Amino acid sequence: QAKHSGKYLSVEGRRTDGGAPLVQSALSGASHQRFELIHHGSGEFSLSLRHTGMMADVTGQSLSAGTAIIQWPSNDRDNQRFRIEPIGDGYHRMVGKQSGLALDVAGSGQDDGVRVLQWTRTNNDNQCWRFIPVEQIFTVNLSVLVHIGEIGDCKFGSDQVAGRDGNHIEGL
């Protein structure tokens, strides 16, 4: 969640293609706003997108400020690795390993759809991000999960709510 706007890191338009830009948008709870942090050691992480399995990626391995952050298939290169630096009050700065530049909501924009790019590190809130575990965002009625488990897969919009075994939740 971006500190300056309260909006969430997302893939534009729920796109599934490589090269789709990362943007900020209001919370929908869909899988295009869910990321898994993959630790590589030495304080380096990749951000894997839940809905595609692709990684947050600095376009073209660029070292330039203003370069878009996109989703791209995993390539195990430094443009898909970030250092996560705590900056206080539960917020962090994500800094590209390859470029040393921070993930930044362009122009400190407040609207949905504003692109996320890499930019020179500042003390501005548009470079401050908070990681929120999915469990803290959604409360689920367990009786619904039991029912879903009895009837098989259930769909909520385009996202899977629970698997056939009823023991897990995805895409809320």
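See the structure printed just above.
This report concerns the structure included in the present document. Counting restarts for each chain: residues are numbered from 1 in the order of the written sequence. Per-residue local features are limited, in this predicted model, to residues with pLDDT of at least 70; the limit for side-chain atom pairs, both in listing and counting, is 80 or more; totals at the level of whole chains, interfaces and linings are taken over all residues. Only hydrogens and water are removed before side-chain values are computed, so all heavy atoms of the structure are retained for them.

One speaks of a salt bridge when a side-chain nitrogen belonging to Lys or Arg is within 4 Å of a carboxyl oxygen belonging to Asp or Glu. A complete count under the given rule lists twelve salt bridges for this structure. Here Asp78 and Lys97 are joined by a salt bridge, their closest N and O atoms 3.3 Å apart. Placement of the pair is Asp78 in the loop between β6 (69-72) and β7 (82-88) and Lys97 in the loop between β8 (91-96) and β9 (102-105), with a sequence separation of 19 residues. Each residue's exposure class comes from its accessible area (1.4 Å probe, protein chains only) as a fraction of the maximum for that residue type: buried when under 20%, exposed when over 50%, partly exposed otherwise. Owing to a relative accessible area of 32%, Asp78 belongs among the partly exposed residues under this scheme. We note a salt bridge from Arg83 to Glu85, for which the minimum N-O separation is 3.8 Å. Under the relative-accessibility criterion, Arg83 is labelled partly exposed at 28%. Each of Glu44, Asp76, Asp78, Arg81 and Lys97 takes part in a single network of salt bridges with overlapping partners. The helix count covers DSSP runs of H or I at least four residues long, the strand count covers runs of E at least two residues long, and both are numbered beginning at the N terminus.

Our next topic: the side chain of Gln127. Among the structural elements, Gln127 can be located in the loop between β10 (116-119) and α1 (134-137). What makes Gln127 buried here is its relative accessible area of 0%. Within polar-contact distance, the side chain of Gln127 engages the backbone nitrogen of Thr122 at 2.9 Å. What makes two residues a contact is simply this: any of their non-hydrogen atoms within 4.5 Å. With sequence-adjacent residues up to four places away left out, Gln127 is seen in contact with His92, Arg93, Ala102, Leu103, Asp104, Trp119, Thr120, Arg121 and Thr122. N or O atoms closer than or at 3.5 Å make up a polar contact, with two conditions inside protein: a donor-capable atom paired with an acceptor-capable one, and, for residues adjacent in sequence, both atoms drawn from side chains.

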